[in-house]
Protein chains: 4
Amino acid sequence: MNGQDRYANRGRLLVKCPDGPGIVSALSKFLFEHGANIIESSQYTSDPAGGTFFIRLEFDCDDLAQKRSQMEADFVSLANDFDMEYRFAYGSERKKTAIFVSKEPHCLLELLWEWQSGDLQTDIAFVAGNHEEARGMVESLGIPFHYIPANKDIRQQVEEEQSRLIEQYDVDVIVLARYMQILTPEFVEKYPNKIINIHHSFLPAFIGARPYERAYNRGVKLIGATSHYVTNDLDEGPIIEQDIERVDHRDHVADLKKIGRSIERRVLARAVKWHLEDRVIVHGNKTIVFQ
Amino acid sequence: MNGQDRYANRGRLLVKCPDGPGIVSALSKFLFEHGANIIESSQYTSDPAGGTFFIRLEFDCDDLAQKRSQMEADFVSLANDFDMEYRFAYGSERKKTAIFVSKEPHCLLELLWEWQSGDLQTDIAFVAGNHEEARGMVESLGIPFHYIPANKDIRQQVEEEQSRLIEQYDVDVIVLARYMQILTPEFVEKYPNKIINIHHSFLPAFIGARPYERAYNRGVKLIGATSHYVTNDLDEGPIIEQDIERVDHRDHVADLKKIGRSIERRVLARAVKWHLEDRVIVHGNKTIVFQ
Amino acid sequence: MNGQDRYANRGRLLVKCPDGPGIVSALSKFLFEHGANIIESSQYTSDPAGGTFFIRLEFDCDDLAQKRSQMEADFVSLANDFDMEYRFAYGSERKKTAIFVSKEPHCLLELLWEWQSGDLQTDIAFVAGNHEEARGMVESLGIPFHYIPANKDIRQQVEEEQSRLIEQYDVDVIVLARYMQILTPEFVEKYPNKIINIHHSFLPAFIGARPYERAYNRGVKLIGATSHYVTNDLDEGPIIEQDIERVDHRDHVADLKKIGRSIERRVLARAVKWHLEDRVIVHGNKTIVFQ
Amino acid sequence: MNGQDRYANRGRLLVKCPDGPGIVSALSKFLFEHGANIIESSQYTSDPAGGTFFIRLEFDCDDLAQKRSQMEADFVSLANDFDMEYRFAYGSERKKTAIFVSKEPHCLLELLWEWQSGDLQTDIAFVAGNHEEARGMVESLGIPFHYIPANKDIRQQVEEEQSRLIEQYDVDVIVLARYMQILTPEFVEKYPNKIINIHHSFLPAFIGARPYERAYNRGVKLIGATSHYVTNDLDEGPIIEQDIERVDHRDHVADLKKIGRSIERRVLARAVKWHLEDRVIVHGNKTIVFQ
């Protein structure tokens, strides 16, 4: 049984609603009556008194492909009763991912590695680079590579080309794998909570450019990386994952960059994986991550 | 509102049964109909096909003290339907803990510290030591200290005294906080999954005596500690928690012991905390820890 | 042999000078000719070409108490040859430490614990608190406790009292163990690189007040603590040590504070320990830490 | 300046001798008089009283290629004076590495990645596999790949072929990157402290086969990997590096293997890197690692 078949009858239901009694009971009754077996359940209440309730249910259901439209239709009235925002997702429908990259390939390579091992539940629709370096590697895996030279003077034109590809390939998630170009507000607004970036510092320390140089100058004893959804406030979007490594006075900027690369690659890979498995819910400017 | 009041209406329901459809639905319906609001829910299935299902539900319920006997009575038929083993626990009924200690006080001190900060949901019934060192510290906190000299020749007599105290204080949990005496099989069998030990190695490495000396001789680059339930197989009981620290060639045995003390104290404190919050379920010789 | 005797013949030599050939050779020849055996040697060059050279030598020397003044006298000409700044320190002369504390005792307790275990090479001259909470604990260890109420209106008067005590006890190091008062520029300037603070964030993130609240609002996935020398730029002094712990969306501000306390206590304890062992050299606004 | 040029004038001197006064002085004087500038110095004494002294000196020296034979000749008498075992190594002479691999490529890939980034100071002479999987990847980097099918019945014949290649390519280090074959005592004895293995457990826990299965059955809360020199005691050779990751009850054997792969790859990469930089000294059955 390959990875995709394994998830053929797998569904996920994500719900957000005002907290109150009876929600879990109603949801689990609904799934039971539709023949679904709950595999994993994670819940969170922003505030025990009068807060917002979040739940992620992962379930298996025989013949899910046949049953799902009926299930979704039946769910409407339950959702209305509890004033739910909700979303169904299906293991049989893998998300389509586009990866944007510049010169440095380490984050791209880590994603391709995880994808090859079957650990990223996605189809990689294409890789777009404003440099050619990654073409060989990408194409050798049967993934289309699009070379789109970029600089700040032709930003709009570049993004038109990117948007065209995103539409053509029906992309669900855009991963900025050390893509060193600023995106326009218009582009960002088109893909809310769908663009995942890796920033090479432990945010909110060292927002903006040249974080390793500034970390070196400040004399910090740990350096980090942060993966977050892109918003139009620079490096201020909802944080999905962060990690750090220890450094010391002997580490010059080049050493920090090298150590940083290994942090960046694992932080971004985790964030993308969780997003693809519908484990990340954005709430205000923060994330709930149901691991 | 102090810590105890905060948990006055808090209940926990732990269930183990053959996996099958409808369990979560039935449980959440039951709690909803009894006016209980689920605060936290954690589940695990040992095997998706034909395995054992485990769930821990933490809930708030107004007037729980009044309602609980009715709730327990009503639960019997549901439990029968699903062939459940189960247990209710109540925040208003703090578990009673006895701590056994020898000369080295670091694990005892960590537990007392956590307890003073309100982070251990327990009453410390008494501390028993086969040395007098800890008496001052313990009694200054208003906790009874019992000095019970011990050696292998008077083991039975020592354990009779200990058992008498355990009965007198109605103790629920016995923590061996670096208590350097072997317990008899009879004593261990009286308290299954109720005696928590800290072993000063990363089990199953260095089972038995003098683990730091043996770690030094083997030249390991990490040392660890393991907290586990005591069974009559030496250092083979179900593991609750483990952790490690990095060491190097410069660390002699005395350094390993010092580094080890800080690992031991945090590993034991975590294990005891989780046990007290009914987060640990023993399954065969392994534990499920619902953090 | 107790801890102090163990260091009776132990000396340390710290040197800073322009890098160039022959420095290590000259220093090791000097020590050899004075009968000193090098136990530990750590060096660092800020820049292989034309940088500053730093070295810390720890040595044992029989009858050091008798020989040291001659050794120091002889060293002058070598130091002149290489344009060295340097400092000798002796294991027989334990540094005297004052600890300032407010209400929260966890950092103070950690330092007292380490000191009791013989792991801090210092005499604790006194503890000064602007609250009375810690008095009992401190005095039970035979350490003087001075209660000096403080607020911003009487800052000068408070600091006069503190300075008087520092002089009276001949204090070498002042540790701010979560002492929640701002120090005046005059006070700070009197004790350059001698005041060690613990800040409850991963600097430079969350400089200033209420870092845990701000960490919570930003939705970070890791929280940290930073120990640094105090300068007159708030939270901008040379960093000695930092560490972090993982948190998640379930952790409210109170949880972050609790987790943070365990980070703060170990970060401060490490920084103080290294300072007392003359392992920390300030260079510009950064530190070299010879572990 | 590329990586190799950067090390053109770089030398290393490793020394082991009975501890005593004057060693550092004599060594640093020697290097100074031969125009060498000490870049890094690390020392260790197995026992302050009557132990063995170890030092690793890294130095830069103009025109080292011209001077080195004279330097080595001059060193003989100093070495005799102190009864030294010693070894000079030169940055201009990169070690030659052979990598043995079976089916699983993750450790090989990590080494190739580090090598491509310039972080492994070595020439990869060849990769030998008892499966063909890695051929494409290896040859695309210009590295020879030798397919040598292996099983226990043809062990001797396989090792003859391997030895022939090792001799032909003048190999200095053999890395077993998850090479799942047992080596004969004869082969192991030919390459003492030159064969580096990665074992997929936290040794000495789970010596031998199927460590992840056994870790799963024991219910450990951390899994690890160990890189060590190969000796003829199975999994008992000197440990170079170890690391661990946290797991929990939800992780089945397949999950442990996946998590383990990421531990294995970084542990082996570190061990190989340190070996190549002459940072590892074997002493008895332990290692001194001068990081």
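From a predicted model like this one, the values you see are computed outputs, not experimental measurements. (Residues numbered from 1 in each chain as written. Chains lettered and ligands numbered in written order. Predicted model: local features only at pLDDT ≥ 70, side-chain atom pairs only at ≥ 80, totals over all residues. Heavy atoms only, no water.)

A. Focus on the overall build of chain A. From N to C terminus, chain A includes nine helices and 13 strands. Its C-alpha atoms give chain A a radius of gyration of 21 Å, within 12% of the compact-globule value 19 Å for 291 residues. In chain A, which comprises 291 residues, the proportion classed as buried is 56%. The contacts of chain A with a sequence gap of at least 6 include a subset with a gap of at least 24, amounting to 66%. Total accessible area computed for chain A in this model is approximately 12,200 Å², and 47% of it derives from carbon and sulfur atoms. (Helix = DSSP H or I, 4+ residues; strand = E, 2+ residues; numbered from the N terminus. Rg over C-alpha atoms; globule rule 2.2 N^0.38 Å. Buried < 20%, exposed > 50% of the residue type's maximum accessible area, 1.4 Å probe, protein only. Contact = heavy atoms within 4.5 Å. Areas by Shrake-Rupley, 256 points an atom, 1.4 Å probe, with all protein chains shown as cover.)

B. Broad picture of helix α6 (residues 155-168) of chain C. All names here are of chain C. In this model, α6 (14 residues) spans 20 Å end to end at C-alpha, consistent with the 20 Å of a helix rising 1.5 Å per residue. Listed in full, the buried residues belonging to α6 are Val158, Glu159, Gln162, Ser163, Leu165 and Ile166. The buried side chains of α6 occupy one side of the element, clustering within an arc of 160 degrees when seen end-on. Facing away from the buried side of α6, by more than 90 degrees, are the exposed residues Gln156, Gln157, Glu160 and Glu167. Just past α6, the residue Asp170 takes up positive phi, approximately 60 degrees. (Expected span 1.5 Å × (residues − 1). Arc of directions from axis to C-beta.)

C. Fine view of the interface of chain B and chain C. Contacts between chain B and chain C engage ten residues on the former and ten residues on the latter. Taken together, the two surfaces of chain B and chain C that pack against each other cover about 930 Å², and 47% of this comes from carbon and sulfur. Of all residues in chain B, the largest losses of buried area upon contact with chain C belong to Trp113(B), Lys258(B) and Arg265(B), amounting jointly to 59% of the total for that side. Linking chain B with chain C are six salt bridges. Between Lys258(C) and Asp119(B) there is a salt bridge, and its shortest N-O distance comes to 2.8 Å. Where chain B meets chain C, there are four residue pairs in polar contact (both at pLDDT 80 or more). Looking at the side of chain B that touches chain C, the elements that each hand over two or more residues are α4 (106-116) and α9 (253-276) of chain B. A per-element tally of the side of chain B that touches chain C places α4(B) first, with five residues. Here the residues of the side of chain B that touches chain C sort into two nonpolar, two polar and six charged. (Buried area = accessible area lost by both parts, 1.4 Å probe. Salt bridge = Lys/Arg side-chain N within 4 Å of Asp/Glu carboxyl O. Polar contact = N/O pair within 3.5 Å; in protein donor to acceptor, adjacent residues only side chain to side chain. Nonpolar A, V, L, I, M, F, W, Y, C, P; charged D, E, K, R; others polar.)

D. Structural context of the nonpolar core. Counting 85 residues, the largest nonpolar core has Leu111(A), Val127(A), Leu268(A), Leu111(C), Val127(C) and Leu268(C) as the members making the most contacts within it. Excluding residues within four positions of it along the chain, Val127(C) makes contact with Ile99(C), Val101(C), Leu108(C), Val138(C), Ile143(C), Pro144(C), Phe145(C) and His146(C). (Core = buried A, V, L, I, M, F, W, Y, C linked by side-chain atoms within 4.5 Å.)

E. Quick peek at the relation of the copies chain B and chain C. The transform that puts chain B on chain C rotates by 180 degrees and translates by 0.1 Å along the axis, for an RMSD of 0.0 Å. On the angle and the small slide along the axis, the relation comes out as a two-fold axis. Counting the interface residues of chain B, we find that 100% of their copies in chain C are interface residues as well, pointing to one common contact surface. (Least-squares fit on C-alpha atoms with pLDDT ≥ 70 in both.)

F. The side chain of Glu114(B), seen in detail. Its place among the elements puts Glu114(B) in helix α4. Residue contacts for Glu114(B): discarding those within four places in its chain leaves Asp119(B), Leu120(B), Ala269(B) and Lys258(C).

G. Molecular detail of the relation of the copies chain C and chain A. Overlaying chain C with chain A gives an RMSD of 0.0 Å, the required rotation being 180 degrees about an axis along which the chain moves by 0.0 Å. Looking at the interface residues of chain C, 100% of them are also at the interface in chain A, so both copies use one shared face.

H. Summary view of the packing of helix α4 (residues 106-116) of chain A against helix α9 (residues 253-276) of chain A. Residues and elements named next belong to chain A. Contact geometry of α4 with α9 gives a least axis separation of 9 Å together with a crossing angle of 45 degrees. The orientation of α4 relative to α9 falls into the category oblique. Seen along the crossing, α4 lies across α9 with a hand that is right-handed. Of the residues in α9, those in contact with His106, Cys107, Glu110, Leu111 and Glu114 of α4 are Arg261, Glu264, Arg265, Leu268, Ala269 and Val272. Classifying every residue of the contact of α4 with α9 gives five nonpolar, one polar and five charged. (Axes fitted to C-alpha atoms, helices over the stretch in contact; angles between N-to-C directions. Parallel < 35°, antiparallel > 145°, perpendicular 65-115°, else oblique. Left-handed = near helix turned anticlockwise from the far one by under 90°.)

I. Structural context of the UniProt feature "active site" (unreviewed entry) in chain A. Taking the UniProt record as the reference, the feature "active site" (unreviewed entry) is found at Asp235(A). Note that Asp235(A) resides in the loop between β10 (222-229) and β11 (239-246). Those residues in contact with Asp235(A), other than ones at most four positions away along the chain, are His199(A), Leu203(A), Ile207(A), Gly208(A), His228(A) and Arg218(C). Among the polar contacts listed, one links the side chain of Asp235(A) to the backbone nitrogen of Gly208(A), at a separation of 2.8 Å. (UniProt positions renumbered as here; feature names shortened; annotations may be inferred.)

J. Region of the structure containing the pattern of salt bridges. Scanning the entire structure with this criterion turns up 136 salt bridges over all chains. As a salt-bridge pair, Glu213(B) and Lys257(B) come within 3.3 Å of each other at their nearest N and O atoms. With a gap of 44 residues between them, Glu213(B) in helix α8 (residues 211-218) and Lys257(B) in helix α9 connect regions that are remote in the sequence. The partly exposed category is assigned to Lys257(B), whose relative accessible area is 33%. Because the salt bridges share partners, they merge into one network encompassing Arg10(A), Arg12(A), Glu40(A), Arg56(A), Glu58(A), Asp60(A), Arg87(A), Lys95(A), Lys273(A), Glu277(A), Asp278(A) and Arg279(A).

K. Inspection of the sheet that holds strand β7 (residues 145-147) of chain D at higher detail. Residues and elements named next belong to chain D. Within the open sheet, the seven strands sit side by side as β7-β6-β5-β8-β9-β10-β11. Their pairing is mixed. With one partner strand each, in any of the chains shown, β7 and β11 (239-246) form the two edges of the open sheet. Taken pair by pair, the neighbouring strands of this sheet meet at an average axis angle of 20 degrees, ignoring direction. The sheet contact formed by strand β8 (residues 173-176) and strand β9 (residues 195-199) spans three bridges and is parallel. Directly across from Ile174, in β9, lies its bridge partner Ile195. (Pairing = 2+ DSSP bridges.)

L. View of the packing of helix α2 (residues 23-33) of chain D against helix α3 (residues 64-82) of chain D. Residues and elements named next belong to chain D. It is at 11 Å that the axes of α2 and α3 come closest, and there the two elements cross at 170 degrees. Between α2 and α3, the angle falls in the class roughly antiparallel. When α2 is examined against α3, the residues Ile23, Ala26, Leu27 and Phe30 are found in contact with a partner set consisting of Met71, Asp74, Phe75, Leu78 and Phe82. Per-class residue counts for the contact of α2 with α3 are eight nonpolar, no polar and one charged.

M. Quick peek at the interface of chain C and chain A. In this complex, chain C contributes 34 residues to the contact, which on the side of chain A involves 34 residues. Buried surface at the junction of chain C and chain A, both sides included, amounts to about 2,900 Å², of which 54% is carbon and sulfur. Ionic pairing is found between Arg218(C) and Glu236(A), a salt bridge with its closest N-O pair at 3.6 Å. For the pair chain C and chain A, the interface holds 20 residue pairs in polar contact (both at pLDDT 80 or more). Of all the secondary-structure elements, those providing two or more residues to the side of chain C that touches chain A are α8 (211-218), β11 (239-246) and β13 (286-289) of chain C. Here the side of chain C that touches chain A takes seven residues from β11(C), the largest share from any one element. Class assignment of the residues belonging to the side of chain C that touches chain A gives a composition of 15 nonpolar, nine polar and ten charged.

N. Region of interest: the sheet that holds strand β10 (residues 222-229) of chain B. Residue and element names in this part refer to chain B. Spatial strand order, β7-β6-β5-β8-β9-β10-β11: seven strands in an open sheet with mixed pairing. One side of each edge strand has no neighbouring strand; the edge strands of this open sheet are β7 (145-147) and β11 (239-246). With direction set aside, neighbouring strand axes in the sheet form an average angle of 20 degrees. Both strand β5 (residues 95-101) and strand β8 (residues 173-176) contribute to a ladder of four bridges, which runs parallel. Each residue of the ladder has a partner; that of Thr97, found in β8, is Val173. Contacting β5, β6 (122-129), β8, β9 (195-199), β10 and β11, α9 crosses the sheet at an angle of about 150 degrees to β11.

O. Structural view of unusual backbone geometry. Of note, the amide linkage connecting Leu203(A) to Pro204(A) takes the cis form, showing an omega dihedral of 5 degrees. Looking at the secondary structure, you find Pro204(A) in the loop between β9 (195-199) and α8 (211-218). At Asp83(B), a residue that is not glycine, the phi angle is positive and equals roughly 60 degrees. Position of Asp83(B) relative to the elements: it lies in the loop between α3 (64-82) and β4 (85-90). With a phi angle near 55 degrees, Arg210(B) is a residue other than glycine that sits in the positive phi range. By relative accessible area, Arg210(B) is classed as exposed at 55%.

P. Seen up close, the domain arrangement of chain A. Residue and element names in this part refer to chain A. Split into domains, chain A comes out as domain 1 (3-90) and domain 2 (95-289). Computed over C-alpha atoms, the centres of domain 1 and domain 2 are 30 Å apart. Interface area, domain 1 with domain 2, both sides summed: about 940 Å², of which 48% is carbon and sulfur. On the domain 1 side of the interface with domain 2, the three residues burying the most area are Arg12, Phe54 and Arg56, jointly 44% of the side's total. Applying the counting criterion to the domain 1 and domain 2 interface returns three salt bridges. Between Arg87 and Asp278 there is a salt bridge; the shortest N-O distance is 2.9 Å. Where domain 1 meets domain 2, there are seven residue pairs in polar contact (both at pLDDT 80 or more). Listed by contribution, the elements that provide at least two residues to the side of domain 1 that touches domain 2 are β1 (10-18), β2 (36-45), β3 (52-61) and β4 (85-90). Sort the elements by how many residues they give to the side of domain 1 that touches domain 2 and β3 lands first, with four residues. Looking at the side of domain 1 that touches domain 2 residue by residue, the class counts come to five nonpolar, two polar and six charged. (Domains from an automatic or database assignment.)

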